[in-house]
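Structural description and commentary
So you can see what is in the structure, the chains are spelled out below.
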Amino acid sequence: MIPERLKDPYRLKKSAVITPVSMGDLFGLEPQHTEAILNVIRDCSWHKFAILTKLPQNALKFNPFPSNVWFGVSVNLQDDVWRLDCLKRVEAPRKYVLFEPLYSAINYDLSWLDLIVIGCQSYPTVQPKKEWVESILRNSGSAKVFFKSNLKPI
């Protein structure tokens, strides 16, 4: 954590979407650092904060999350759907899942999510199989689905 960066959201007077710890995991930090970042999120209610984690089990001890949080988990294959089970227990106003990169079909009810994002592996680019994407669409219900620009048309 870079302590001086905690002041950045306060300097932005116009509403913005901010991704804290964008190149790491907020819930892999020391708990006092996570709490410091969450305090900034609570204080800066005019912003939206998109939190994405692979460690949702660690997030549960910070429930509930403020109303300006979109909370998501990263799922790459069927073996990762336990993260969705944890996400159901996270108390956040909006929930999403990022399937990027997608490496298998996903057999899980996704209809309770607010947003589903699907993308491919980058560097080197590896596109998911058509049937893997279709498995997500079959299970998406009324959730909004966003295809990242790096995903080739099916």
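Up top is the structure.
This section reports on the structure supplied with the text.

About the criteria used
- Residues numbered from 1 in each chain as written.
- Predicted model: local features only at pLDDT ≥ 70, side-chain atom pairs only at ≥ 80, totals over all residues.
- Heavy atoms only, no water.
- Salt bridge = Lys/Arg side-chain N within 4 Å of Asp/Glu carboxyl O.
- Helix = DSSP H or I, 4+ residues; strand = E, 2+ residues; numbered from the N terminus.
- Phe/Tyr/Trp six-rings, centres within 6.5 Å; stacked < 30°, edge-to-face > 60°.
- Buried < 20%, exposed > 50% of the residue type's maximum accessible area, 1.4 Å probe, protein only.
- Pairing = 2+ DSSP bridges.
- Contact = heavy atoms within 4.5 Å.
- Polar contact = N/O pair within 3.5 Å; in protein donor to acceptor, adjacent residues only side chain to side chain.

1. Considerations on the pattern of salt bridges
Applying the stated criterion across every chain yields a total of six salt bridges. When the shortest N-O distance is used, the salt bridge between Glu-134 and Lys-130 registers 3.9 Å. Residue Glu-134 and its partner Lys-130 are located together in helix α5 (residues 130-139), separated by four residues, close to a single helical turn.

2. Points about the packing of aromatic side chains
Counted by the stated rule, this structure contains four aromatic pairs. Look at Phe-27 and Phe-71: their rings are 5.7 Å apart centre to centre, the planes differ by 35°, and that puts the pair in the tilted class. Remark: Phe-71 occurs in strand β3 (residues 69-74) and Phe-27 occurs in the loop between β1 (17-18) and α2 (31-43); sequence separation between them is 44 residues. The exposure class assigned to Phe-27 is buried, which follows from its relative accessible area of 4%. Note on Phe-71: relative accessible area 0%, which makes it buried. Judged by centre distance (5.0 Å) and plane angle (55°), the ring pair of Phe-65 and Phe-71 falls under tilted.

3. A look at the sheet that holds strand β4 (residues 94-99)
Here six strands make up an open sheet; going across it, the order is β1-β2-β3-β4-β5-β6 and the pairing parallel. The sheet terminates laterally at β1 and β6 (144-147), the two strands that pair on one side only. Judged from the two bridges that link them, β1 and strand β2 (residues 48-53) form a sheet pairing that is parallel. Residue pairing in the sheet places Val-17 in a bridge with Lys-48 of β2.

4. Some remarks on the side chain of Ser-74
Within the secondary structure, Ser-74 is located in strand β3. If near-sequence neighbours (up to four positions away) are discounted, Ser-74 is found in contact with Leu-52, Thr-53, Lys-54, Arg-83, Leu-98 and Glu-100.

5. A closer look at the environment of Phe-49
Secondary-structure assignment places Phe-49 in strand β2. Under the relative-accessibility criterion, Phe-49 is labelled buried at 2%. Measuring from C-alpha to C-alpha, the distance between Phe-49 and Phe-99 comes to 19 Å, with 50 residues separating the pair along the chain. Discounting chain neighbours no more than four positions away, the residues touching Phe-49 are Pro-9, Ile-18, Pro-20, Ile-41, Cys-44, Asn-68, Val-69 and Trp-70.

6. A look at the side chain of Asn-139
By secondary structure assignment, the location of Asn-139 is in helix α5. Assessed through its relative accessible area of 19%, Asn-139 is described here as buried. A distance of 2.7 Å separates the side chain of Asn-139 from the backbone oxygen of Ser-135, its partner in a polar contact.

7. Concerning the environment of Asp-85
Mapping Asp-85 onto the fold places it in helix α4 (residues 82-89). Asp-85 sits in the partly exposed class, given a relative accessible area of 41%. Separated by 21 residues in sequence, Asp-85 and Ile-106 place their C-alpha atoms 14 Å apart. At 2.5 Å, the side chain of Asp-85 and the side chain of Tyr-108 are in polar contact.

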